[in-house]
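As a plain string of letters, each chain reads:
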Amino acid sequence: MKFGRRHFIKKIILATIGLMVIDVVWFEKYVIEWNSFDIANGRTDKIKAIQLSDLHLRELKSVHKSLAKRINTEMPDVLFITGDAITRTKRIVLLNDFLHLIDHKIQKIAILGNKEYSGHVDLDLLRQTYMEHNGTLLINESYVLHLKGRKVNILGIDDFTLGTPDINKSSENVDPSLTTIILNHCPAYKKEIDQTEFALNSKPLILAGHTHGGQVTIFGTPVFTPYGSGDYVKGWYANNTSNMYVSKGIGTTVLPIRFGARAEASIFYV
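An account of the accompanying structure is given in this report. (Residues numbered from 1 in each chain as written. Predicted model: local features only at pLDDT ≥ 70, side-chain atom pairs only at ≥ 80, totals over all residues. Heavy atoms only, no water.)

### Quick look at the overall build of the protein
Turning to step 1, where the next piece is worked out: What the protein contains, in helices and strands, is seven helices and 14 strands.
Turning to step 2, where the next piece is worked out: Of all intrachain contacts in the protein linking residues separated by at least 6 positions in sequence, the fraction that spans at least 24 positions is 76%.
Turning to step 3, where the next piece is worked out: Carbon and sulfur atoms provide 55% of the accessible area of the protein, an area that totals close to 13,300 Å². (Helix = DSSP H or I, 4+ residues; strand = E, 2+ residues; numbered from the N terminus. Contact = heavy atoms within 4.5 Å. Areas by Shrake-Rupley, 256 points an atom, 1.4 Å probe, with all protein chains shown as cover.)

Written as structure tokens, this is what we have:
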């Protein structure tokens, strides 16, 4: 049987559309992109951290199980969860189940995102859940991480859009001589962080999320980014004051699709 040129072109178009659909609804959502950054400047006592952002847990799927398995294989010194882990109080049980999959020895430090607020999540129960899994929830608070003979400042900022972020409160009694990591869900708050009066001996690392990398992008340009994103979409943003990394996150919002913004988990050596 001979096929005409028109028939061949039609097959090519249909195959291309099929591949795009697979990419949009499956590959970019469920095949996690792992990125690794060594910013320890040659230190021999570097700390290994993993950032997870925007889990948006609605059910525990195979992608979350494989994610937990990879975290256990990497065995970081600390796991940072930078907001929007869940969207309802009833889903705390899902977060509990997910955290149960992760080695208890791995210290976890989390902050809130806008979804915990818009979903009226019980913050006391959320804090307790993190505590049960060797975790700490920071809301405009600081924490000194003791690892490998080092002390590292961890500042957890409240959500920019629905919470009451306060970098000055978070940085009270912070030792400026220590390496500082700031967990900040909405990258737009970087401006306030950069303008704060507290002085550090070195530029802090800011870990943010919220944008989903645009979630749907056309030729690299996001169709939409949520309020609180500012001029930031994904990846590194540095100036003379701070270095910020914006994660594309794990979950999705509004529509369960991704295009040109593959789900991401990141490893940092600090």
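### What to know about the sheet that holds strand β4 (residues 107–111)
Turning to step 1, where the next piece is worked out: Judged by pairing direction, the sheet is mixed, and its six strands sit side by side in the order β1-β14-β2-β3-β4-β5 without closing on themselves. Each edge of the open sheet is held by one strand with a lone partner, namely β1 (33–38) and β5 (135–137). Direction aside, the axes of adjacent strands within the sheet are offset by 20 degrees on average.
Turning to step 2, where the next piece is worked out: Sheet topology note: the β4/β5 ladder contains three bridges and is parallel. (Pairing = 2+ DSSP bridges. Axes fitted to C-alpha atoms, helices over the stretch in contact; angles between N-to-C directions.)

### Some details on the side chain of Asp 54
Turning to step 1, where the next piece is worked out: Position of Asp 54 among the secondary structure elements: in the loop between β2 (48–52) and α2 (62–74).
Turning to step 2, where the next piece is worked out: With residues up to four places along the chain from it excluded, the contact list for Asp 54 reads Gly 83, Asp 84, His 185, Gly 209, His 210, His 212, Gly 249, Ile 250 and Gly 251.

### Thoughts on the side chain of His 185
Turning to step 1, where the next piece is worked out: With respect to the helices, strands and loops of the structure, His 185 is situated in the loop between β8 (179–183) and α7 (190–195).
Turning to step 2, where the next piece is worked out: The class for His 185 is buried, based on a relative accessible area of 0%.
Turning to step 3, where the next piece is worked out: At 3.3 Å, the side chain of His 185 and the side chain of Asp 84 are in polar contact. (Buried < 20%, exposed > 50% of the residue type's maximum accessible area, 1.4 Å probe, protein only. Polar contact = N/O pair within 3.5 Å; in protein donor to acceptor, adjacent residues only side chain to side chain.)

### Considering α2
Turning to step 1, where the next piece is worked out: With 13 residues, α2 extends 18 Å between its outermost C-alpha atoms, agreeing within 8% with the 18 Å of an ideal straight helix rising 1.5 Å per residue.
Turning to step 2, where the next piece is worked out: For α2, the full list of buried residues reads Val 63, His 64, Leu 67, Ala 68, Ile 71 and Glu 74. For α2, the angular spread of the buried residues around the axis is 135 degrees, confining them to a single face. Facing away from the buried side of α2 by more than 90 degrees, the exposed set consists of Ser 62, Lys 69 and Thr 73.
Turning to step 3, where the next piece is worked out: Downstream of α2 by one or two residues, Met 75 has phi in the positive range, about 45 degrees. (Expected span 1.5 Å × (residues − 1). Arc of directions from axis to C-beta.)

### Looking at the pattern of salt bridges
Turning to step 1, where the next piece is worked out: Within this structure, the stated rule accounts for 10 salt bridges.
Turning to step 2, where the next piece is worked out: In this structure, the salt-bridge partner of Asp 38 is Lys 46, at a minimum N-O distance of 2.7 Å.
Turning to step 3, where the next piece is worked out: Overall, Asp 38 belongs to the partly exposed group, its relative accessible area being 48%. (Salt bridge = Lys/Arg side-chain N within 4 Å of Asp/Glu carboxyl O.)

### A short note on the packing of aromatic side chains
Turning to step 1, where the next piece is worked out: Considering all chains together, one arrives at nine aromatic pairs under this definition.
Turning to step 2, where the next piece is worked out: Pairing Tyr 245 with Phe 268 gives two aromatic rings, centres 5.4 Å apart and planes at 75 degrees, and the pair type is edge-to-face. Here the residue Tyr 245 occupies a position in strand β13 (residues 243–246), and Phe 268 occupies one in strand β14 (residues 264–269), the gap between them amounting to 23 residues. Each member of the pair, Tyr 245 as well as Phe 268, is classed as buried.
Turning to step 3, where the next piece is worked out: Grouping aromatic residues by their ring pairs yields a cluster made of Phe 37, Trp 236, Tyr 245 and Phe 268.
Turning to step 4, where the next piece is worked out: One cation-aromatic arrangement involves Arg 70 over Trp 34; the distance from NZ or CZ to the ring centre is 4.4 Å. (Phe/Tyr/Trp six-rings, centres within 6.5 Å; stacked < 30°, edge-to-face > 60°. Lys NZ or Arg CZ within 6 Å of the ring centre and 35° of its normal.)

### With respect to the nonpolar core
Turning to step 1, where the next piece is worked out: In this structure, Phe 98, Leu 126 and Tyr 130 are the most contacted members of the largest nonpolar core, which totals 31 residues.
Turning to step 2, where the next piece is worked out: Elements represented by at least two residues in this core include exactly β2, α2, β3 (78–82), α3 (92–100), α5 (123–132) and β14.
Turning to step 3, where the next piece is worked out: The dominant element in this core, judged by the number of residues it contributes, is α3, at five residues.
Turning to step 4, where the next piece is worked out: Not counting the four nearest positions on each side in its chain, Tyr 130 is found in contact with Ile 81, Ala 85, Leu 95, Leu 99, Ala 110, Gly 135, Thr 136 and Leu 137.
Turning to step 5, where the next piece is worked out: Counting 19 residues, the second largest nonpolar core, distinct from the first, contains Ala 49, Val 78, Ile 111 and Leu 207. (Core = buried A, V, L, I, M, F, W, Y, C linked by side-chain atoms within 4.5 Å.)

Note that all results are geometric; they support no functional claim without further evidence.
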